[in-house]
Amino acid sequence: MADQTNPLLDDRDLDFLLYDVLHAERLVELPDFADHERETFDLLLKTTRRFAREVLYPAYKPMDESPPVLANGRVTVHPMMHAIYPKLAELGLINASRPASVGGMSLPLTISTAAMAYLMAANLSAAGYAFLTTGAAHLIEAFGDEDLKATYMRPMYDGTWTGTMALTEPQAGSSLTDVKTAATPTDRGHFLIRGSKTFISGGDHDLTENIVNLVLARIDGAPPGIKGVSLFVVPRRRPTREGLVDNDVSTAGVIHKIGWRGLPSVILSFGEASDCHGYLLGEPHKGIGYMFQMMNEARILVGVSAAATASAAYHESVAYARVRPQGRSMKQRDPAAPQIPIIEHADVRRMLLRQKAIVEGALCLSLATSRYADLAFHGATPAARSHAALLLDLLTPVAKSFPAEKGFEANALSVQIHGGYGYSSEYLPEAWMRDQKLNTIHEGTTGIQSMDLLGRKAVAGGGAAIRALLEEITEAATRARTADVPVSWIDAVTGAGAAVAAITAELGAFALGGDVEKMMLHSVDYLELFSVLVIGWQWLQQAAAAREGLARQDGLGDFYEGKLCAAQYWIFTEIPRIPALAELCRSGEDSYGRMKPAWF
Amino acid sequence: MKILVPLKRVADPDNANKVKIPAAGDKIETTGLEWKPNPFDEYALEAALRLTENGQTPKVRAGEVVVVTFGPKETEQTLRAALATGADRAIRIDTTDDKLDGDLVARALAALIEKEKPDVVVMGKQAVDGDSNQVGQILAELLDWPMATFAATIKEEAGALVVSREVDGGVATMRVKLPAIVTVDLRIVAPTSVYSTKTAATFKYNDGVRFAALPAIMAAKKKLLVEIKLADLAADQALKVEYKAFQAPPARKAGIKVKDVTELVTRLKNEAKVL
């Protein structure tokens, strides 16, 4: 059984990040969020965290141990998921951040992200049914006509039906422009869909009477490449006057995965009997563009799921390190002296503090990026909205890839702290480590995030995005100075900001000189150094808020001291790596650049 | 049926910031504490909701549940949470925690009940902070109402409740005529513990208390929450219970290994004093 005492996420930390660091309560001053107040945020979070701990978490290990099965052409999910799903739908998080006009409650994304983090930390697969549905329904909300909204978006938002993103094909994963699924127009308005999709999460299950797939396909005769791909609504069963009838969508297989094992990932076959109806979403040939407009939120959510998965493992390893006696202190020579808990060993604390720095840095970034998303859409002035949009675009590749990459490292440290027990499936850390690996792969691999960051976002607007970032760092530095954060900490972060701006300009100059390959050769190293800076900035803000808290003497001294140690750790062990990584990017070091496939 | 449910907030024992006692030992330090509703009061609310609905259609209310708490403005969050869970109306009796004891709470509740005239008061058997287990009993005495404490099941009948109570060696079942006071124990939230006359005998609830859906939290902001001054309910606010000193329980000592059975017996006799 799962250890019921694992808090999954630290409530005090969430409060600290939301209110002390990010001042999320000020979002209610914006007209679109005027129905809210901090009290409702707190009640929503309280309810969600309780739901996560009491309903979702006890089902995590059983669902990991018994993944869904395909029999007689349909997928059956774990019985515990059947008990969970109606409650999950009723909780109302699926459309909480959507406006009242579509049945939602206009909750700021900052708050719904925090709430979703609890569900993800408790049971990633169970949460998946909800957030996949949100993403698919949001696309219909943004680009569908009234008919599609009434028929599909509504029942998805209230959880009656679930949704999927059916994009990937065996030959078209990261390269979605290569999809082959065909859509043939008919004279009755709908299209006939024919093709196969793979890795479709939630693509088949027995929880709801219908599943709505959003399918990328090419209309017959469409131009090749990215400008010939359209997006279709393709339900498992289509509504008719006689009720729901089979829509010629079949399940060809279920993928055996190493993680997210409570959520089926399936191979779907469309139109085997030439009777699969698809409904065009928006205009023809604009499917990829529509997808990208929704990409920021989806990528932020992947980052949140990564931070949440690392958080659950972090708390598990802290609790374990406190009670596991092993060895004696270096000063204790008496073999008869009792053993000490492993948390007393400095190297174990190193591994715990590294996890803490990664987890709480990643969570802070997830919430900060969500806040920019709120301000980008609901900010008070056009200038405030475009400033926030610039930062949202710039930070999204980091908010997606940092929690996933470093979260995996944090998850591995949790296994390490559990020693031999950690390597056993009796204990949970290995399961979270398996779950975590997907996050560097789906919604754009780390390599793709690095190209998005360096090739597009960092050089956008002639450096406007980087300048906006530097302004934010300067603001954080001012707050930190006022709060008496040591000057050396502040200088380290602002210095790193200047270094990152400089290397960005230098790499941009390679491209201007015609050498795009040289610019992009070390894009992953660039993503790494950029991420170290961005997380350093998150920790500088947290250090400032922690100093402010200490000055208040509100009885949370231990909490703030822990924050300051984690900030110090990041600033003095990670930020010094930036110059070396920048040098690597600058040098054009070409070991893998010139390596030929035949030499492997 | 109209039901009054008194709620108390207590310090959350799971929170990292624990209750502290200052060196003077004259009070409990509450700064920085996280609060949660007393669990037995949450069970009472769940029981009250079950008594005022058909379990199959819980969104249709068949009766009224009024929640009441004593405390400063911030305790309204406890009431809002109860309203989000399904309670219909809330009352906050304005006072501060250090100006209350069980007797004063019971006297004020008795005065409130004179005005509200509920058919039944369902309350937790005790609060998990003070563990006094007094208010329900004092209240029944003041009102001269029948009382059933430590209820494990409740079935509604016309004009009465059939309550089974867990007692040493078994279960005592009693019928209390309304109006009455019922204090509940933890098994009251089991799937087959509470039946209103509207709920089919074959119906089974989910185990435990219900969760507030997020939209219900928003809707709860529109439900009525009124404030009453404690002085309007109890002219005499003198306390009968005086706290002389607070002391934390001694920290648990580490275990020891004994050499042999003889040492074990000696230690059990002389140190643990259990033999």
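Residues numbered from 1 in each chain as written. Chains lettered and ligands numbered in written order. Predicted model: local features only at pLDDT ≥ 70, side-chain atom pairs only at ≥ 80, totals over all residues. Heavy atoms only, no water.

Trainee: In this structure, what is going on with the overall build of chain A? I would like to understand it.
Mentor: Looking only at helices and strands, chain A has 21 helices and 12 strands in total. For 600 residues, the compact-globule formula gives about 25 Å, and the C-alpha radius of gyration of chain A, at 24 Å, lands near that figure. Seen through its C-alpha atoms, chain A measures out along the principal axes to roughly 80 × 60 × 60 Å. Sequence-distant contacts in chain A: of pairs separated by 6 or more residues, those separated by 24 or more amount to 74%. Summed over its atoms, the accessible surface of chain A is roughly 23500 Å², and 56% of this surface lies on carbon and sulfur atoms. Within chain A, the 68 negative side-chain charges are centred at a point lying 3 Å from the centre of the 55 positive side-chain charges. (Helix = DSSP H or I, 4+ residues; strand = E, 2+ residues; numbered from the N terminus. Rg over C-alpha atoms; globule rule 2.2 N^0.38 Å. Contact = heavy atoms within 4.5 Å. Areas by Shrake-Rupley, 256 points an atom, 1.4 Å probe, with all protein chains shown as cover. Lys, Arg positive; Asp, Glu negative; His and termini not counted. Charge placed at Lys NZ, Arg CZ, Asp CG, Glu CD.)

Trainee: Honestly, the interface of chain A and chain B in this entry has me stumped. Any pointers?
Mentor: Much of the literature gives interface size as the accessible area that the parts lose upon coming together. Facing the 26 residues of chain A at the interface are 22 residues of chain B. Note on chain A versus chain B: buried area summed over both sides is about 2000 Å², and carbon and sulfur give 62% of it. For chain A, the biggest contributors to the area lost against chain B are Glu 39, Leu 43 and Arg 50 of chain A; these three give 25% of the whole. The tally of links between chain A and chain B comes to 3 salt bridges. Between Arg 80 of chain B and Glu 39 of chain A there is a salt bridge, with the nearest N and O atoms lying 4.0 Å from each other. At the junction of chain A and chain B, the tally comes to 6 residue pairs in polar contact (both at pLDDT 80 or more). Within the residue set of the side of chain A that touches chain B, elements represented by two or more residues are helix H2 (38-56) and helix H4 (79-91) of chain A. With 12 residues, H2 of chain A is the single largest residue contributor to the side of chain A that touches chain B. Along the lines of polarity and charge, the residues of the side of chain A that touches chain B split into 9 nonpolar, 6 polar and 11 charged. (Buried area = accessible area lost by both parts, 1.4 Å probe. Salt bridge = Lys/Arg side-chain N within 4 Å of Asp/Glu carboxyl O. Polar contact = N/O pair within 3.5 Å; in protein donor to acceptor, adjacent residues only side chain to side chain. Nonpolar A, V, L, I, M, F, W, Y, C, P; charged D, E, K, R; others polar.)

Trainee: Help me understand the domain arrangement of chain A, please; the structure alone is not making it clear to me.
Mentor: Residues and elements named next belong to chain A. Split into domains, chain A comes out as domain 1 (11-156), domain 2 (163-285) and domain 3 (446-591). Inter-centroid distance (C-alpha atoms) of domain 1 to domain 2 is 24 Å. Each partner contributes residues to the interface: domain 1 has 30 residues there, and domain 2 has 31 residues. Summed over both sides, the interface of domain 1 with domain 2 buries roughly 2700 Å², with 70% coming from carbon and sulfur. Remark: the boundary between domain 1 and domain 2 carries 2 salt bridges. At the surface where domain 1 touches domain 2, the tally comes to 12 residue pairs in polar contact (both at pLDDT 80 or more). Among the elements of the structure, helix H3 (60-65), strand E2 (74-76), H4, helix H6 (124-143) and helix H7 (146-157) are those that each provide at least two residues to the side of domain 1 that touches domain 2. Sorting elements by how many residues they give to the side of domain 1 that touches domain 2 places H6 first, with 11 residues. Of the residues in the side of domain 1 that touches domain 2, the class split is 19 nonpolar, 8 polar and 3 charged. (Domains from an automatic or database assignment.)

Trainee: Mind showing me how you'd approach a nonpolar patch on the surface here?
Mentor: Judged by side-chain polarity, Ile 256, Val 258, Val 261, Leu 264, Val 265, Val 274 and Leu 275 of chain B come together as a nonpolar surface patch covering roughly 640 Å² of accessible area. Residue position: Val 258 of chain B is located in the loop between helix H6 (230-233) and helix H7 (261-270). (Patch = residues over 30% accessible without salt bridge, like charges linked within 9 Å, V, L, I, M, F, W, Y side chains within 5 Å.)

Trainee: Even after reading the chapter, I still don't get helix H14 (residues 446-457) of chain A, so can you show me in this structure?
Mentor: Note that an α-helix has 3.6 residues per turn; residues three or four places apart therefore point the same way. Buried within H14 of chain A are the following residues: Thr 446, Gln 449, Ser 450, Asp 452, Leu 453, Leu 454 and Lys 457 of chain A. Of the surrounding elements, those touching the buried residues of H14 of chain A are helix H9 (295-323), helix H11 (382-417), helix H15 (464-482), helix H16 (487-512), helix H17 (516-520) and helix H18 (523-552) of chain A. (Buried < 20%, exposed > 50% of the residue type's maximum accessible area, 1.4 Å probe, protein only.)

Trainee: What exactly am I supposed to notice about the side chain of Asn 296 of chain A here?
Mentor: Residues and elements named next belong to chain A. The residue Asn 296 is located in helix H9 in this model. In this structure the side chain of Asn 296 is engaged in a polar contact, spanning 3.3 Å, whose partner is the side chain of Thr 396. Those residues in contact with Asn 296 that sit more than four places away from it in its chain are Leu 392, Asp 393 and Thr 396.

Trainee: How do you make sense of the nonpolar core when you look at a structure like this?
Mentor: Proteins that are soluble and globular tend to have nonpolar side chains buried together. In this structure, Met 81, Leu 119, Tyr 526 and Phe 530 of chain A together with Val 67 of chain B are the most contacted members of the largest nonpolar core, which totals 235 residues. Apart from the residues within four sequence positions on either side, Tyr 526 of chain A is in contact with Leu 453, Leu 454, Ala 458, Ile 466, Val 500, Ile 503, Thr 504, Leu 507 and Cys 585 of chain A. If you look at the next biggest cluster of nonpolar residues, it comprises 26 residues, including Val 68, Leu 100, Leu 112 and Leu 233 of chain B. (Core = buried A, V, L, I, M, F, W, Y, C linked by side-chain atoms within 4.5 Å.)

Trainee: Help me out: how do you make sense of the pattern of salt bridges in this one?
Mentor: Two side chains with opposite charge may pair up if their charged atoms get near one another. The tally for this structure, following the rule as stated, stands at 62 salt bridges over all chains. Residue Arg 479 of chain A is joined to Glu 548 of chain A by a salt bridge in which the shortest nitrogen-to-oxygen separation is 2.9 Å. One end of the pair, Arg 479 of chain A, is in helix H15; the other, Glu 548 of chain A, is in helix H18, and 69 residues separate them in sequence. Salt-bridge contacts for Arg 9 of chain B lead to Glu 74 of chain B; the nearest nitrogen and oxygen are separated by 3.0 Å. Taken as a pair, Arg 9 of chain B in strand E2 (residues 9-11) and Glu 74 of chain B in the loop between strand E4 (64-71) and helix H2 (76-85) lie far apart in primary sequence, 65 residues in all. Look at Arg 9 of chain B and you get buried, because its relative accessible area is 9%. Residues participating in the shared-partner salt-bridge network are Arg 354, Lys 406, Glu 409, Glu 528, Glu 574 and Arg 577 of chain A.

Trainee: Where do I start with helix H3 (residues 102-116) of chain B in this structure?
Mentor: Residue and element names in this part refer to chain B. Between its terminal C-alpha atoms H3 stretches 20 Å, which fits the 21 Å expected from 15 residues at 1.5 Å a residue. H3 sits mainly inside the fold: 11 of its 15 residues count as buried. Taken as a whole, H3 has its buried residues at Gly 102, Asp 103, Leu 104, Val 105, Ala 106, Ala 108, Leu 109, Ala 110, Leu 112, Ile 113 and Glu 116. (Expected span 1.5 Å × (residues − 1).)

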